[in-house]
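# Structure assessment
Chain residues, written in single-letter form:
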Amino acid sequence: MKMYTGFSNYDEINIENRKKAVENEVKQWSTQKELFKEYRAEWNKAANENYLPLKPLHVDIELSDACNLKCEMCAHGLGTVKNVGFMKDDLTYKMIDEVAAIGAYSIKFNWRGESALNPILPHAIKYAKEKGILEVSINTNGLPKKKDLLIEAAKSGIDRIIFSVDGFSAETFETIRVGGNYEKLISNINDLLEWKKENNSTKPFVRVQMVRSNKNAHEVDEFIEFWQEKVDDVRISDVMDRGQGSHLSVGDKVTIGRRRCPQPFQRLIIARDGRVSPCCADWNQKYIVGDVFKESLKDIWNGKRMNKMRTIQNNVELDKIDICKNCYVKESFIWQNN
């Protein structure tokens, strides 16, 4: 089975190493290897065929829409994010229960903010693993306010941590990720890697990634060379326009068309207020497909608005829904080298 599937015809940097990383990750699942392969096979099928799983394969539960950084390619950095906070604890546990009950394989505990700011994170991870969720993960800027919170997350059983490290020098990193501390971030990542070594643990699977822009493109090669020997996966992903405009683009890749986006066939996004979106691009919650206080996740997954979104995607009529028309998700574009 092909475990790695890229998106569209986007020419991804470091692709051969990334394919090997996926193969290595499968081996790390030990007794759950076949279940993980089943999950990824369904994920890839939903991405590349007209296939709708009976349940969401993955659910994002937004523990926090607050962030401690103001990155220049993010809405937080643009100053357009208001009224932020944390998901209430009782809703967090209720959502984990429901995700487990419908048989979803995977939970990621974030969406628009930094989940490591919410002290519930390690407890939510432990609870999700106890409930039988196969894969529990987070994306993080790696700079939690509470010391050793990421070590606590590892001890709680988290399967994957993805660090956003948008530079290979303090000057570049701190220019892009405003409010960040490069030395502290590197120290936090190294502490986690040392914990894995000391405990002879293959988990969490650690990815370090860079959003490539014209401010850090000159550091890509060094970035890959340095991190490739330290972590499980290194990804370089080009900057997309999230409202900041095109001035950060490197310009060597251009979009020439649109294609069916896989997200409405793979996942649901539960915002901290309980409203549900069909994809990660609905930052301003303009296309709400349900409310967990009023409907079950199963009913939302099979609801009219989700199915309308899927029909539009299958017909590649993305201009019919504003969030699709104005999307920044790479999977929904056809690419060409410039």
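This section reports on the structure supplied with the text. (Residues numbered from 1 in each chain as written. Predicted model: local features only at pLDDT ≥ 70, side-chain atom pairs only at ≥ 80, totals over all residues. Heavy atoms only, no water.)

## Concerning the overall build of the protein
Of the regular secondary structure elements, the protein holds twelve helices and 13 strands. For the protein, whose C-alpha radius of gyration is 19 Å, the value lies close to the compact-globule estimate of 20 Å for 338 residues. When the backbone C-alpha atoms are referred to their principal axes, the protein occupies close to 50 × 50 × 45 Å. Put simply, 71% of the contacts in the protein that link residues at least 6 apart link residues at least 24 apart. When the accessible surface of the protein is split by element, carbon and sulfur atoms take 46% of a total near 15,200 Å². Positive and negative side-chain charges in the protein, numbering 52 and 49 respectively, have mean positions lying 4 Å apart. (Helix = DSSP H or I, 4+ residues; strand = E, 2+ residues; numbered from the N terminus. Rg over C-alpha atoms; globule rule 2.2 N^0.38 Å. Contact = heavy atoms within 4.5 Å. Areas by Shrake-Rupley, 256 points an atom, 1.4 Å probe, with all protein chains shown as cover. Lys, Arg positive; Asp, Glu negative; His and termini not counted. Charge placed at Lys NZ, Arg CZ, Asp CG, Glu CD.)

## Here we look at the sheet that holds strand 5 (residues 160-164)
Read across the open sheet, the nine strands follow the order 8-7-5-4-3-1-10-11-12; overall the sheet is mixed. With partners counted over all chains shown, the strands left at the sheet margins are strand 8 (233-238) and strand 12 (290-291), one partner each. Taken together, the four bridges between strand 1 (residues 58-61) and strand 10 (residues 267-270) define a ladder with parallel strand orientation. Paired with Asp60 across the two strands is Ile269, which belongs to strand 10. (Pairing = 2+ DSSP bridges.)

## Things to note about unusual backbone geometry
Here Lys203 and Pro204 are connected by a cis peptide whose omega angle stands at 0°. With respect to the helices and strands, the residue Pro204 is situated in the loop between helix 8 (182-198) and strand 7 (205-212). Unlike most non-glycine residues, Ser30 shows phi in positive territory, near 50°. As for its position among the elements, Ser30 is in the loop between helix 1 (15-28) and helix 2 (33-48).

## Let's talk about the side chain of Ser332
As for its placement among the helices and strands, Ser332 is situated in the loop between helix 12 (322-325) and strand 13 (333-337). Here Val329 takes part through its backbone oxygen, which lies 3.0 Å from a polar atom of the side chain of Ser332. The residues contacting Ser332, other than those within four sequence positions of it, are Gly257, Arg258, Arg259, Cys261, Leu318 and Cys327. (Polar contact = N/O pair within 3.5 Å; in protein donor to acceptor, adjacent residues only side chain to side chain.)

## As for the side chain of Arg212
With respect to the secondary-structure elements, Arg212 resides in strand 7. For Arg212, a relative accessible area of 7% puts it in the buried group. Of note is the side chain of Arg212, whose polar atom sits 2.7 Å from the side chain of Asp238. Here Arg212 is in contact with Ile13, Ala217, Val220, Ile236, Ser237, Asp238, Val239, Val250, Asp252 and Lys253, once residues within four sequence places are set aside. (Buried < 20%, exposed > 50% of the residue type's maximum accessible area, 1.4 Å probe, protein only.)

## Quick look at the environment of Ile312
Structurally, the position occupied by Ile312 is in helix 11 (residues 304-314). Taking the C-alpha atoms as reference, Ile312 lies 48 Å from Asn199; in sequence the two are 113 residues apart. Leaving out residues up to four positions away in the same chain, Ile312 has contacts with Glu317, Leu318, Lys320 and Ile321.

## What about the nonpolar core?
Ile61, Phe109, Phe163 and Ile270 are the most contacted members of the largest nonpolar core, which has 81 residues in total. At seven residues, the largest contribution of residues to this core is made by helix 8. In contact with Phe163, not counting residues within four places along its chain, are Thr140, Gly142, Leu150, Leu185, Ile189, Leu192, Val206, Arg207, Val208 and Gln209. Among the nonpolar cores identified, the runner-up in size contains eight residues, and Phe36, Tyr39, Trp43 and Leu134 belong to it. (Core = buried A, V, L, I, M, F, W, Y, C linked by side-chain atoms within 4.5 Å.)

## Overview of the packing of helix 1 against helix 2
One way to put it is that helix 1 packs onto helix 2 with a least axis distance of 8 Å and a crossing angle of 140°. As the angle between them shows, helix 1 and helix 2 are arranged oblique. Side by side, helix 1 and helix 2 meet where Glu25, Val26 and Lys27 of the first sit next to Lys33, Phe36 and Lys37 of the second. Looking at side-chain class alone, the contact of helix 1 with helix 2 contains two nonpolar, no polar and four charged residues. (Axes fitted to C-alpha atoms, helices over the stretch in contact; angles between N-to-C directions. Parallel < 35°, antiparallel > 145°, perpendicular 65-115°, else oblique. Nonpolar A, V, L, I, M, F, W, Y, C, P; charged D, E, K, R; others polar.)

## Things to note about a negative patch on the surface
Taken together, the side chains of Asp148, Asp191, Glu194 and Glu198 make up a negatively charged region of the molecular surface. For Glu194, the location among the structural elements is in helix 8. (Patch = residues over 30% accessible without salt bridge, like charges linked within 9 Å, V, L, I, M, F, W, Y side chains within 5 Å. Salt bridge = Lys/Arg side-chain N within 4 Å of Asp/Glu carboxyl O.)

## A short note on helix 5 (residues 121-130)
Listed as buried for helix 5 are Leu121, Pro122, Ala124, Ile125 and Ala128. Taken down its axis, helix 5 places every buried residue within 160° of arc, on the same side. As for helix 5, its buried residues are in contact with helix 4 (89-102), strand 3 (106-108), strand 4 (135-140) and helix 6 (149-155). Remark: Gly132 follows helix 5 within two positions and exhibits a positive phi of approximately 95°. (Arc of directions from axis to C-beta.)

## Focus on the packing of helix 4 against helix 5
Remark: helix 4 packs on helix 5, axes separated minimally by 10 Å, with the N-to-C direction vectors making an angle of 25°. Taken together, the axes of helix 4 and helix 5 are roughly parallel relative to one another. You can see that helix 4 and helix 5 cross each other, and the crossing is right-handed. Contacts from Thr92, Tyr93, Ile96 and Asp97 in helix 4 reach His123, Ala124, Tyr127 and Ala128 in helix 5. When its residues are assigned to classes, the contact of helix 4 with helix 5 shows five nonpolar, two polar and one charged. (Left-handed = near helix turned anticlockwise from the far one by under 90°.)

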